[in-house]
Amino acid sequence: MSNPSRVLNLAVIGVGLVGSELLRQLAQPHIASRFRLVFVSNSKNSVSSLTPKGDLSTSNWKERLAESTAPTALEHLPKILGDFAAEDKNPLAVVDNTSSEAVAVLYPKLLRAGIHVVTPNKKAFSSEQWLYDDILASSASTGAKFLNEATVGAGLPIVSTLKDLVETGDKINRIEGVFSGTLSYIFNEYSTPSGEGESFSTIVRVAREKGYTEPHPGDDLNGADVARKLTILSRLIPSLQSSLKLGYKSVATTSLVPDILAAPEVTGNDFVQHLPDFDAHFDELKADALKESKVLRYVGVIDVPTGTIKASLEKYPATHAFATSLGGSDNIIAFHTERYSPRPLIVQGAGAGAAVTAMGVLSDLLKLL
């Protein structure tokens, strides 16, 4: 239960789209008094307010950071924040809004210093097993928590739902869903029950122009993002917690990137320019699905009894929820469990965007009060 007199100190790393939106949401009048901003950094500089008289706040952080010449100095951050946390009576949480591996590897040190970690950064929870194990052990040693709701589905309650199912004793049989907002949009537009629509390359190009893809669309089409999300969820299921030693690289992943376009020297512009050369391949896949009255969807699957964890392009009946319920860049995840059978528990909604991702981070922060 939340303690109304408790204030949570915050150190925010990364103030891009998500970080800036989070700080805006933190300034809402009904919760602003529950948080105290003590540190903010971007990739180059930082500003701190690690003293009782410090005046850093959600209303002045932009100006203070713009004026600052202090380096971010990530390697010293666990010691600096740890010393502060040891002296201040209120708890401290680090919010990592980056996608940086360099920040992710600091989590064990922060947790061992008694500092909570809240993040939408998938790297720490989907990389090699040793880092994940170190995070678990470090958290257990001090009681500091790591919360990562926004790593899967942005603000959608996917991580918390799975935790609740496991912790209340339900048996997870299968998790299946469309985990990538980018690939959701692409295949919602490309593979329709009627079979009508633009070419695959055209839809990818439009998705890029709308900002739905990474600057290099191959970073979405290679399936790695879905594999990372599957790794994060798999590690919350006791029987699968240690099954992916190399993290997301251990997931059976189908890449949609043509081999010739997977070379490191291929730029995002090169990719979009040459993708039309492969439209016939994707048209053949779509036609095969259509013959069976099915559509194509790029999905992630965790099958617990068999230990199968895969990210792949699959065919679904035109009447299936993955064909009929999705719009735009929605995510949809179905939890098949002992309790939720034969009809699964389904979570659906916007799975990307700064506002909903920041909401997922904020919901985790509120759990620490």
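These numbers were taken from a predicted model, which means no experiment stands behind them.

Trainee: How do you make sense of helix α10 (residues 200–209) when you look at a structure like this?
Mentor: An α-helical turn contains 3.6 residues, so any two residues separated by three or four positions project in the same direction. Within α10 the residues assigned to the buried category are Phe200, Ser201, Thr202, Ile203, Val204 and Ala207. Elements in contact with the buried residues of α10: α9 (181–190), α11 (218–221) and α14 (279–291). Looking one or two residues past α10, glycine 211 carries a phi angle of roughly 85°, positive in sign.

Trainee: Would you mind going over the pairing of strand β4 (residues 92–96) with me for this structure?
Mentor: In the case of a regular strand, side chains alternate between the two sheet surfaces. Most of β4 sits inside the fold, with five of its five residues counted as buried. Two strands pair when backbone bridges link them, and strand β1 (residues 8–13) and β4 are joined in this way by five bridges, in the parallel orientation. Residue leucine 10 lies in a different strand from β4, and its bridge partner there is alanine 93. With three bridges connecting them, β4 and strand β5 (residues 116–118) associate as parallel partners. In the strand pairing of β5, alanine 93 is matched with histidine 116.

Trainee: When you look at the pattern of salt bridges in this model, what are you seeing that I'm missing?
Mentor: Opposite charge on two side chains permits them to pair, given that their charged atoms come into close proximity. Scanning all chains against the criterion turns up 14 salt bridges. Between arginine 174 and aspartate 303 there is a salt bridge, with the nearest N and O atoms lying 3.1 Å from each other. Of this pair, arginine 174 sits in strand β7 (residues 172–178) while aspartate 303 sits in strand β9 (residues 294–303), and the two are 129 residues apart along the sequence. Because the salt bridges share partners, they merge into one network encompassing Lys122, Asp225 and Lys229.

Trainee: Sorry if this is basic, but what is going on with the packing of aromatic side chains here?
Mentor: For any two aromatic rings, the description comes down to two numbers: the centre-to-centre distance and the angle of the planes. As enumerated under the stated definition, the model contains eight aromatic pairs in all. Relative to phenylalanine 200, the ring of phenylalanine 187 has its centre 5.8 Å away and its plane inclined at 45°; by these criteria the two rings are tilted. In this pair, phenylalanine 187 is assigned in helix α9 and phenylalanine 200 in helix α10, connecting sequence segments 13 residues apart. For phenylalanine 187, a relative accessible area of 0% puts it in the buried group. Measuring from centroid to centroid gives 5.4 Å for tyrosine 190 and phenylalanine 200, while their planes differ by 80°, and the two rings are edge-to-face. Remark: phenylalanine 200 occurs in helix α10 and tyrosine 190 occurs in helix α9; sequence separation between them is ten residues. Taking the relative accessible area as the measure of exposure, tyrosine 190 reaches 0% and is therefore buried.

Trainee: I keep staring at the side chain of asparagine 9 and nothing clicks. Help me out?
Mentor: Relative to the elements of secondary structure, asparagine 9 occurs in strand β1. Using a relative accessible area of 0% as the deciding quantity, one classes asparagine 9 as buried. A polar contact of 3.1 Å, which involves the side chain of asparagine 9, links it to the side chain of aspartate 88. In contact with asparagine 9, other than residues within four places in its own chain, are Arg36, Val38, Phe84, Asp88, Asn90, Pro91, Leu92 and Ala93.

Trainee: Is there a simple way to explain the environment of aspartate 270 in this structure?
Mentor: Residue placement: aspartate 270 occurs in helix α13 (residues 268–274). Along the sequence, aspartate 270 and histidine 216 sit 54 residues apart, while their C-alpha atoms lie 9.1 Å from each other. In terms of polar contacts, aspartate 270 uses its side chain to reach the side chain of threonine 267, at 3.0 Å.

Trainee: Explanation requested: unusual backbone geometry in the structure shown.
Mentor: Most peptide bonds are trans, and most residues other than glycine sit at a negative phi. Residue serine 341 is joined to proline 342 through a cis peptide bond whose omega torsion reads 10°. Relative to the elements of secondary structure, proline 342 occurs in the loop between β11 (330–337) and β12 (345–350). You will see that alanine 154, though not glycine, has its phi angle at about 55°, which is positive. Relative to the elements of secondary structure, alanine 154 occurs in the loop between β6 (146–147) and α8 (159–167). Taking relative accessible area as the criterion, alanine 154 reaches 4% and is therefore assigned buried.

Calculation rules
- Chains are numbered independently. Their residues run from 1 in the order of the written sequence.
- Where local features are concerned, this predicted model is filtered to residues with pLDDT of at least 70; where side-chain atom pairs are given and counted, the filter is 80 or more; whole-chain, interface and lining totals use all residues.
- Values shown for side chains rest on all heavy atoms present in the structure; no hydrogens or waters enter the calculation.
- Relative accessibility thresholds used throughout: buried, under 20% of the residue-type maximum; exposed, over 50%; partly exposed, between the two (1.4 Å probe, protein chains only).
- Starting at the N terminus, helices and strands are each numbered in turn, a helix being any DSSP run of H or I of at least four residues and a strand any DSSP run of E of at least two.
- Here, two residues are considered to be in contact whenever any of their heavy atoms come within 4.5 Å of each other.
- By definition, two strands form a pair when at least two bridges between them are found by DSSP.
- Each reported salt bridge corresponds to a side-chain nitrogen of Lys or Arg within 4 Å of a carboxyl oxygen of Asp or Glu.
- Pairing of aromatic side chains here covers Phe, Tyr and the six-membered ring of Trp, requires ring centres within 6.5 Å, and sorts the geometry by plane angle: under 30 degrees stacked, over 60 edge-to-face, intermediate tilted.
- Any pair of N or O atoms that falls within 3.5 Å is considered a polar contact. Within protein, one atom must be able to donate a hydrogen and the other to accept it, and sequence-neighbouring residues count only if both atoms are side-chain atoms.

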